[in-house]
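One-letter residues, chain by chain:
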Amino acid sequence: MAEEQSRYSRLAEITKLINMKLDLREVLQHVVTAISEEIMRCDSVGIYLPQEDGTFRGYVGKPEVINGMTLDMHVVDPEYDLLMKEVIETRTSIYIPDTSKDSRPDKRAVEAFKIKSLLVSPIYYEQELYGLVYLFDYGIPMNLTQSEIESVEAYVNMAAVAIRNANNLTRKQALIEEKQLLLNVTRDLSLCSSLQEALDRCFFYLGKVLNNQNIGAHFVDPFAERQIRPASLSKDSDWTEEEWMETHYQLKVDHSKDRLFKEVIDTKQSLMVPDVSKDERVNEDACRVFGIQAMYMIPLVAVGEVLGTITVVNLKEKGYSFSRSAMQLAESIVDATAPVLSNLIYMEKQELIIQQRTSELRQKNKELEGAFTELKQISQEKELILNSAGEGIFGMDLKGRITFSNPSATELLGYDYENEVIGLCFYSILKSELLAMDQFYDFASYEKSKKNRSHTDEYFIRKNGELFPVEYVITPQRQEDKTVGYVTTFKDVTSRKQMEEKIRYHAYYDSITNIPNRVLFQDRLIQALTFSQMHNRSMAILFLDLDRFKKINDTFGHGFGDSVLKEVAHRLEKVIPKEATVSRQGGDEFIILLPSVDGQNEAIHCAKGILNAFSNPFMINNQEIAIKTSIGISLYPDNGITAETLVKHADVAMYKAKEMTGNQYQVYTPDIENRSLETIRLENDLYKALDQGNEFTLYYQPKFDVRSHTIIGVEALIRWKHPSLGLLPPKDFIPLAEETGLITKLGEWVLEESCRQMKEWYDNGLTNLSVSANLSPQQFKQNDLISIVKRILEETDLPPQNLELELTENLIIHNTEKTLSMIQALKRLGVKISIDDFGTGFSSLGYLKDFPVDTLKIDKTFIDDITINDNNAAITNTIITLARSLQLDVIAEGVETKEQIDFLKHNGCYLIQGFYFSRPVLPDQFVEKYTKISNKKGEK
């Protein structure tokens, strides 16, 4: 009685432990302890759990080490242990009191452990086997009674409940994790806008699930006789995609003849090949070259069509296979990916598909024309062809009644069965306001020609009354030159119509800002002119150009610039009258049509409102930036009576407004246009001057070291000796040269002439000087800039260290590989590099550490009021400190006063350039000035 109470107490305690949801190993350890305490004559108790290969491995037991082996090293195989096999099959406990008289136990284990008696009990619950319990001795038989065996079975039942609960919990957790992963897959795929992006997400999740990154995709090419071609490779694969592709082409892999690919595509089922050397279906050459040991191939199936395959390969070991659960999850990921890929392929090839389908439709109509003569005798073969056609096909008698309908036609028309369609009048499914719905039409008089009648802009009516656009062809069915009926072939063109509508939209609206483009604006302008002429009303045009927009684009990139244009369009639409039209003409130009104004003041009022709207900074991608605009105004009829004239005059006025430092408006007047003509004439003169080459000259402004009172170099500054306008400074023609692209030719002339002059001074003993020449952004972008500089140095025989090239800060702040490589190439030639206008760019100063420059030039705008403006003084001091920390030279330009020099010297800037020492001079004057300064230094 005491033993029974103790047993019940143990069972109750184990039940409590199970309900507490403790770790499975901990609960089973209690079961083992309870059995060993109750059956004290047994020397070992062990619980063995099933493995995927059909064996059972030790999990918990007493003792934990037997014959020097831990329990988890013990594996029992039912192929060798017939006792285990019988227990598994019968699901009953078997006790062998004397192993010497029973051949069922594995003799190897019996002899190794000296087992005399043995009890094996199955752990099962609700007909499911969860494991086995072994009780045995080490030489002294246990002599178990039936009551003791039943006690063991009671504890084993508790183990079954614990394992069942743990398995259920594990399965639930795994199911939740799988569902969450599939939700993540679906979410990520929904955000993909390209094939490569979708494949990358698919590869990422497959690699995560299968713990293998060697994943590749092959697509079926629908336009190349269903050839399979390599498409994409995981970025984390052991192969690079370039090598992977190249190897395919070098091997001339023909996937259409690859039995493994063909089987996966034909069956639409996945295949796992644990050892490619043992499977005759694989391509041996490809496996050898790629180093494939095992492979897992999954078909990409969307809407019943195979798009291609996803292949996961093992490059390290043969005989490798994934778990069934992992493969099921991997196939779910691929199933989720396939429709996304199908849709993206469809979007990318829409036009090609439309053309292909149209061509196929015409071809099928020709093929069907001969087949329809035998339609009345419908053979099984022709019926199958008809039923499998993707287009809708139905036949009609001479009165227009439908006599048959293929499944596609029945489905497209919204009916469930063919019988519902048969007997309908053709005009009951065709939307037509000219004919009654129940009218039967004599097609014999309607269609006398033998040619097909094609219709492309019609609508059919579904059973529920819904309309859908179709293309259809009516083909007469003839027997012995007599029309006996008609066959209509049609297809739903809803997708194509939607695309055409989208194309029409983009024909009239700007793709970046979604406001009217030049075409739509021109149409509205013509309408407004007609209205103004008929009603004797005034109208106005406002032409806008964003100030310094090119600099924003160059600094932040075109994507940022597009965001600016969108925000500009949004602000303009908010501030202009409702009846007005704002249009983007291209680039950073906008034009506004005020279709009816009372006069010039109303147009000016609108322009002021626009300027006021631009007074607040723009917040683009968390970057605050100030945008201003210049506005030109022209009015009808004061400034023109045609659309072309009004736009032209508004454009001219806009350029005048831009000359007034920007953020201004200007109403057109005739004298403005005359000044624009002067600019055109100056442009023509510039072209001629460059051809002749004798109207330009270089002045040289010395650079001084205030510590040694010596000249360290000169900057070459161009002047234009215009035949009629006299000597022009750079500000009068350099912007025009940049605008027209002539700056590259002009810059090359400056570089060549300054090197020639420096070489002359060098030969005369001025070997310690260097000449500086400015490089424009257009010159820097030339692909042959390095070869040009090298050629000039070689032709003039000037030592490279005596040439310094000045680059503007805004030219190099983009820390791009090309910019860096260009500067490094110049440095390899031996020339010096300085940054001009330093401190005026849009960027931080952190880029300097990446560029091999020699000198920073502090911009004149900081020097002008350095002694009275604390901000400029602080900036200048920061630049000097920065240059010193980077071990760069620093020179101040535009120095004109003694106070400025004192400030610079006090803060550690000793290199000076400016009017205080010398204005730019001609070469002869420079030699005289240099000699005087050198003599003066010698006197000191």
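Residues numbered from 1 in each chain as written. Predicted model: local features only at pLDDT ≥ 70, side-chain atom pairs only at ≥ 80, totals over all residues. Heavy atoms only, no water.

**Student:** For the overall build of the protein chain, give the residues involved together with the corresponding values.
**Tutor:** Looking only at helices and strands, the protein chain features 33 helices and 34 strands. By residue count, 47% of the 940 residues in the protein chain fall in the buried class. In the protein chain, once contacts between residues fewer than 6 apart in sequence are set aside, the share between residues at least 24 apart is 61%. Element-wise, carbon and sulfur atoms account for 50% of the exposed surface of the protein chain, whose accessible area totals about 48900 Å². (Helix = DSSP H or I, 4+ residues; strand = E, 2+ residues; numbered from the N terminus. Buried < 20%, exposed > 50% of the residue type's maximum accessible area, 1.4 Å probe, protein only. Contact = heavy atoms within 4.5 Å. Areas by Shrake-Rupley, 256 points an atom, 1.4 Å probe, with all protein chains shown as cover.)

**Student:** How would you explain the nonpolar core if you had to name every residue and give the values?
**Tutor:** The biggest cluster of nonpolar side chains holds 73 residues, and the ones touching the most others in it are Phe696, Leu803, Leu805, Leu904 and Phe926. Sort the elements by how many residues they give to this core and helix 25 (residues 743-763) lands first, with seven residues. Filtering out sequence-adjacent residues up to four positions away, Leu803 remains in contact with Leu751, Cys755, Val771, Val789, Leu793, Leu798, Val831 and Lys832. (Core = buried A, V, L, I, M, F, W, Y, C linked by side-chain atoms within 4.5 Å.)

**Student:** Can you break down the sheet that holds strand 24 (residues 629-636) residue by residue, with the values?
**Tutor:** The strands making up a sheet associate through backbone hydrogen bonding, with each pair oriented either parallel or antiparallel. Ordered by their spatial adjacency, five strands build an open sheet running 20-21-19-24-25, and the pairing between neighbours is mixed. Of all the strands in the sheet, the pair left with one neighbour each is strand 20 (581-586) and strand 25 (665-667). Geometrically, the sheet is characterised by an average inter-axis angle of 20° between neighbouring strands, direction not taken into account. Two strands pair when backbone bridges link them, and strand 20 and strand 21 (residues 589-597) are joined in this way by five bridges, in the antiparallel orientation. Residue Thr581 lies in a different strand from strand 21, and its bridge partner there is Leu593. With respect to the sheet, helix 22 (residues 643-659) is in contact with strand 19 (538-546), strand 21, strand 24 and strand 25, its orientation differing from that of strand 24 by roughly 145°. (Pairing = 2+ DSSP bridges. Axes fitted to C-alpha atoms, helices over the stretch in contact; angles between N-to-C directions.)

**Student:** Describe the packing of aromatic side chains, with residues and values.
**Tutor:** All chains considered together, the criterion is met by 22 aromatic pairs. Taking 6.2 Å as the distance between ring centres and 45° as the angle between the ring planes, the aromatic pair formed by Phe696 and Phe733 counts as tilted. One end of the pair, Phe696, is in strand 26 (residues 696-705); the other, Phe733, is in the loop between strand 28 (726-728) and helix 24 (734-740), with 37 residues separating them in the sequence. Judged by relative accessible area, which is 7%, Phe696 ranks as buried. Accessibility expressed as a relative area gives 0% for Phe733, which makes it buried. Joined through ring pairs, the aromatic side chains of Phe394, Phe426, Phe460, Phe468, Tyr472 and Phe490 make up one cluster. The ring of Tyr80 has Arg108 sitting right over it, with the charged end atom 4.6 Å from the ring centre. If you follow Arg719 out to its NZ or CZ, it ends over the ring of Tyr699, 5.4 Å from the centre. (Phe/Tyr/Trp six-rings, centres within 6.5 Å; stacked < 30°, edge-to-face > 60°. Lys NZ or Arg CZ within 6 Å of the ring centre and 35° of its normal.)

**Student:** Got a sec to walk through helix 32 (residues 898-906)? Specific residues and values, please.
**Tutor:** Among the residues making up helix 32, those that are buried are Gln900, Ile901 and Leu904. Taken down its axis, helix 32 places every buried residue within 100° of arc, on the same side. (Arc of directions from axis to C-beta.)

**Student:** Requested: an account of unusual backbone geometry, with residues and values cited.
**Tutor:** Here the bond from Lys62 into Pro63 is cis, since omega is -10°, no more than 30 degrees from zero. Within the element layout of this structure, Pro63 appears in the loop between strand 2 (56-62) and strand 3 (65-66). The omega torsion of the bond from Tyr636 to Pro637 falls at 5°, within 30 degrees of zero and hence cis. Here Pro637 shows up in the loop between strand 24 and helix 22. Despite not being glycine, Lys268 has its phi angle at roughly 60°, a positive value. Locating Lys268 in the fold gives a position in the loop between helix 8 (259-267) and strand 11 (271-273). The exposure class assigned to Lys268 is partly exposed, which follows from its relative accessible area of 38%.

**Student:** So, the pattern of salt bridges: which residues are in play, and what are the values?
**Tutor:** The final tally for this structure, using the stated rule, is 34 salt bridges. With its nearest N and O atoms 3.4 Å apart, the salt bridge here joins Arg288 to Asp285. Of this pair, Arg288 and Asp285 both sit in helix 9 (residues 284-290), three residues apart, which is roughly one turn of that helix. The class for Arg288 is exposed, based on a relative accessible area of 58%. A salt bridge links Lys827 to Asp854, with the nearest nitrogen and oxygen atoms 2.8 Å apart. Here Lys827, found in helix 29 (residues 817-829), pairs with Asp854, found in the loop between strand 31 (832-838) and strand 32 (855-858); they are 27 residues apart in sequence, far enough to count as distant. (Salt bridge = Lys/Arg side-chain N within 4 Å of Asp/Glu carboxyl O.)

**Student:** Could you give an account of the sheet that holds strand 6 (residues 94-96), naming the residues involved and the relevant values?
**Tutor:** Spatial ordering of the open sheet is given by 5-2-1-8-7-6, a layout of six strands whose pairing is antiparallel. The sheet terminates laterally at strand 5 (75-76) and strand 6, the two strands that pair on one side only. Pairing of strand 6 with strand 7 (residues 118-125) involves three bridges; the strand directions are antiparallel. In the sheet register, Ile96 faces strand 7, and the bridge partner there is Leu118.

**Student:** Before we move on, could you go through helix 3 (residues 82-90) and cite the residues and values that matter?
**Tutor:** Side chains of residues three or four places apart in an α-helix project in the same direction, reflecting 3.6 residues per turn. Restricting attention to buried positions, one finds in helix 3 the residues Leu83, Met84 and Val87. For helix 3, the angular spread of the buried residues around the axis is 100°, confining them to a single face. Its side-chain oxygen placed 3.1 Å from the backbone nitrogen of Leu83, Asp81 serves as the N-cap of helix 3. Remark: Arg91 follows helix 3 within two positions and exhibits a positive phi of approximately 60°. (Polar contact = N/O pair within 3.5 Å; in protein donor to acceptor, adjacent residues only side chain to side chain.)

**Student:** Could you give me a rundown of the side chain of Ser237, with the residues and numbers involved?
**Tutor:** Here Ser237 is to be found in the loop between strand 10 (227-233) and helix 7 (241-251). Of the polar contacts made by the side chain of Ser237, one reaches the side chain of Asn214; its length is 3.0 Å. If near-sequence neighbours (up to four positions away) are discounted, Ser237 is found in contact with Gln213 and Asn214.

**Student:** With reference to specific residues and values, describe the confidence of the model for the protein chain.
**Tutor:** Per-residue confidence for the protein chain averages 81 on the pLDDT scale, and 84% of its residues sit at or above 70. In the model, residues 433-441 has pLDDT below 50 throughout and makes 17 contacts with residues more than four positions away in sequence or in other chains. (pLDDT = per-residue confidence, 0-100.)

**Student:** If you had to explain the pairing of strand 32 to someone new, which residues and values would you point to?
**Tutor:** Residues of strand 32 alternate between two faces, with Thr855 and Lys857 on one and Leu856 and Ile858 on the opposite face, all of them buried. Strand direction decides the pairing type here: strand 32 and strand 33 (residues 889-893), joined by four bridges, are parallel. Bridge pairing in strand 33 links Leu856 to Val890.

**Student:** A description of the pairing of strand 7 should follow, citing residues and the corresponding values.
**Tutor:** The element strand 7 is largely enclosed, with a buried count of six among its eight residues. Inspection of the sheet shows strand 7 paired to strand 8 (residues 128-136) by eight bridges, in the antiparallel sense. If you follow Val120 over to strand 8, its bridge partner there is Tyr134.

**Student:** Residues and numbers for the environment of Ala716, please.
**Tutor:** Mapped onto the elements, Ala716 comes out in strand 27 (residues 710-722). For Ala716, a relative accessible area of 4% puts it in the buried group. Residues Ala716 and Gln757, spaced 41 residues apart in sequence, show a C-alpha to C-alpha distance of 9.8 Å. In contact with Ala716, not counting residues within four places along its chain, are Leu698, Tyr699, Tyr700, Ser754, Val771, Ser772 and Asn774.

**Student:** Account for the environment of Ser151, with residues named and values stated.
**Tutor:** On the secondary structure map, Ser151 appears in helix 5 (residues 146-190). Sequence-wise, Ser151 and Glu38 are 113 residues apart; in three dimensions their C-alpha atoms are separated by 8.3 Å.

**Student:** How would you explain the packing of helix 27 (residues 785-796) against helix 29 if you had to name every residue and give the values?
**Tutor:** Running from N to C, helix 27 and helix 29 point in directions that differ by 15°, and their axes come no closer than 10 Å. When the axes of helix 27 and helix 29 are compared, the pair comes out roughly parallel. Of the two possible hands of crossing, helix 27 and helix 29 adopt the one that is right-handed. Between helix 27, through Leu785, Ile786, Val789 and Lys790, and helix 29, the contact on the second element is made entirely by Met822, Ala825, Leu826 and Leu829. Considering only residue class, the contact of helix 27 with helix 29 consists of seven nonpolar, no polar and one charged. (Parallel < 35°, antiparallel > 145°, perpendicular 65-115°, else oblique. Left-handed = near helix turned anticlockwise from the far one by under 90°. Nonpolar A, V, L, I, M, F, W, Y, C, P; charged D, E, K, R; others polar.)

**Student:** Report on the packing of helix 20 (residues 558-575) against helix 21 (residues 600-613), specifying residues and quantitative values.
**Tutor:** Running from N to C, helix 20 and helix 21 cross one another at 135°; their axes reach a closest spacing of 10 Å. It follows from the interaxial angle that helix 20 and helix 21 lie oblique. The handedness of the crossing between helix 20 and helix 21 comes out as right-handed. Along the contact surface, helix 20 presents Arg571, Leu572 and Val575, while helix 21 presents Gly609, Ile610 and Ala613. Residue composition of the contact of helix 20 with helix 21, grouped by class: four nonpolar, one polar and one charged.

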